[in-house]
Amino acid sequence: MWVKNCWYVIAWEHEIPANGLFARTALGEPIVVFRTTEGFTALHDRCCHRAAPLSKGRHEGDAVRCGYHGLKFNALGQCTEVPGMEKAPPHLQVRRYPLALKNKWLFVWMGDAEKADEALLPDNFSNDSVDWKNIPGYLHYDTPYLLICDNLMDFSHLSYVHEKTLGGSTAIAQARPTIEPVTARGQRGFKVSRHVPDVPPPAYHRHMRQFTGNVDRWFIYEFLLPGTLLMHSGSRRVGGDPARDMDEAVLLHSCQTLTPETETTTHYFFQQSHHAACGDAGVTEAIYNNLIVAFNEDRDMISAQAQAIARAPHLTFVPLHFDGALNSFRQLLAAESAAEGQA
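Note that the structure is a prediction, hence the values are computed from the model and not measured.

(A) Up close: the overall build of the protein chain. Each helix and strand in the protein chain was counted, giving six helices and 19 strands. Against the 2.2 N^0.38 benchmark of 20 Å for 343 residues, the protein chain shows a C-alpha radius of gyration of 22 Å, consistent with a compact globule. Taken over the C-alpha atoms alone, the protein chain extends approximately 80 × 50 × 35 Å along its principal axes. Split into buried and exposed, the 343 residues of the protein chain put 50% on the buried side. Within the protein chain, residue pairs in contact and separated by at least 24 positions form 57% of the contacts whose partners lie at least 6 positions apart. Accessible surface, the protein chain: about 16300 Å² in total, of which carbon and sulfur atoms supply 51%. Of the side chains in the protein chain, 31 bear a positive and 38 a negative charge, and the two mean positions are spaced by 3 Å.

Put into structure tokens, the structure is as follows:
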């Protein structure tokens, strides 16, 4: 179930070389991205002549030259030069994908180009803000993207998968979240709020604040189509004045997004920011390193889950209360996918 009329992240801005070609597959389609004098362009990574990947060619100004027979394509995907011909036939062209750059994420629109609307881009503000500090991250999963969506929609797993990293307390799994639909700004998805009172602070929070006792923790996030998490989280001391204690709290904002590569593989772009006033570069690096450990814990578990499903695909899941948010998201995704198929 892929929704095509959506913005998907194809790369972090820094991944695109200044003078070169960048190749990545999204929704089963090979894409080549390169810089131009006006920004970036994305083309189908397949020469229309003999199907050679354009990413095997070379970047020439605002164009790419196929490395097989030398056809040259401009930033719009139009062939402007064929060696041995005075003029390139007008039918020689490759698909161009709409692109948008917002706060260091480079988005590609995989559906109908006429429907591409930058107003639908998610509010990933902390990726690029003087008020927030982070290190950008990327992981590749050899698992279907829906299983990772499920994982992000159900934070009860923090108590067990991330017992020594992001979790630290079984109270996270015991806390029941509230789930609300998100419809503002043209976005489609759900807001999930989970409050976990009076628990020990996780180790990485203690790098930022000198807590002497238990804390109240919170995870409040939107999970939006096609698979983007925007989360405020943190902790503060138990039993004090919330307004005053926020000056001594851990404040975090995370932007995470999933782009299916194929039916069984996924790109995962992420960062977790701390407030600039709370911690130095050492804290930024410690948060990133802790996140890498935790997300590898996720990947190990989800990979094992995917293998178990593949061994016995006829067996069904047993539904429990943990599944409310993820089931709602799957239903939304199925409805949007079906609507596109009928359009």
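(B) Focus on the environment of Val283. Looking at the element boundaries, Val283 is found in helix H5 (residues 281–311). A relative accessible area of 9% means that Val283 is categorised as buried. Put simply, Val283 and Arg194 are 89 residues apart on the chain and 25 Å apart in space, counted from C-alpha to C-alpha.

(C) How the structure looks around unusual backbone geometry. With omega at 5°, the peptide bond leading from Leu225 into Pro226 counts as cis. Relative to the assigned elements, Pro226 resides in the loop between strand E16 (215–224) and strand E17 (228–237). A positive phi angle, close to 75°, is found at Lys104, a residue other than glycine. In this structure Lys104 comes out as partly exposed when scored by relative accessible area, which is 36%. Phi at Arg185 is positive, roughly 60°, even though this residue is not glycine. A residue is classified by how much of its surface remains accessible, and Arg185, at 48% relative accessible area, is partly exposed.

What counts, and where the lines are drawn
Counting starts from 1 at the beginning of each chain's written sequence and moves along it residue by residue. Given that the model is predicted, a residue must reach a pLDDT of at least 70 before its local features are reported, and side-chain atom pairs must reach 80 or more before they are shown or counted; all residues, however, enter totals for whole chains, interfaces and linings. Hydrogen atoms and water are omitted, and side-chain values are computed over all heavy atoms in the structure. Secondary structure follows DSSP: runs of H or I at least 4 residues long count as helices, runs of E at least 2 residues long count as strands, and numbering of each begins at the N terminus. This radius of gyration counts C-alpha atoms alone. The globule rule is 2.2 Å times how many residues there are, raised to the power 0.38. Buried means the residue's accessible area, taken with a 1.4 Å probe over protein chains only, is under 20% of the maximum for its type, while exposed means over 50%, and partly exposed covers the values in between. In this analysis, two residues are considered to be in contact whenever any of their non-hydrogen atoms come within 4.5 Å of each other. Throughout, the Shrake-Rupley method with a 1.4 Å probe supplies accessible areas, and for residues the shown protein chains are the sole cover considered. Counted charges follow a simple rule, with Lys and Arg positive, Asp and Glu negative, and His plus the chain ends left uncounted. Where a charge sits is defined by one atom per residue type, namely NZ (Lys), CZ (Arg), CG (Asp) or CD (Glu).

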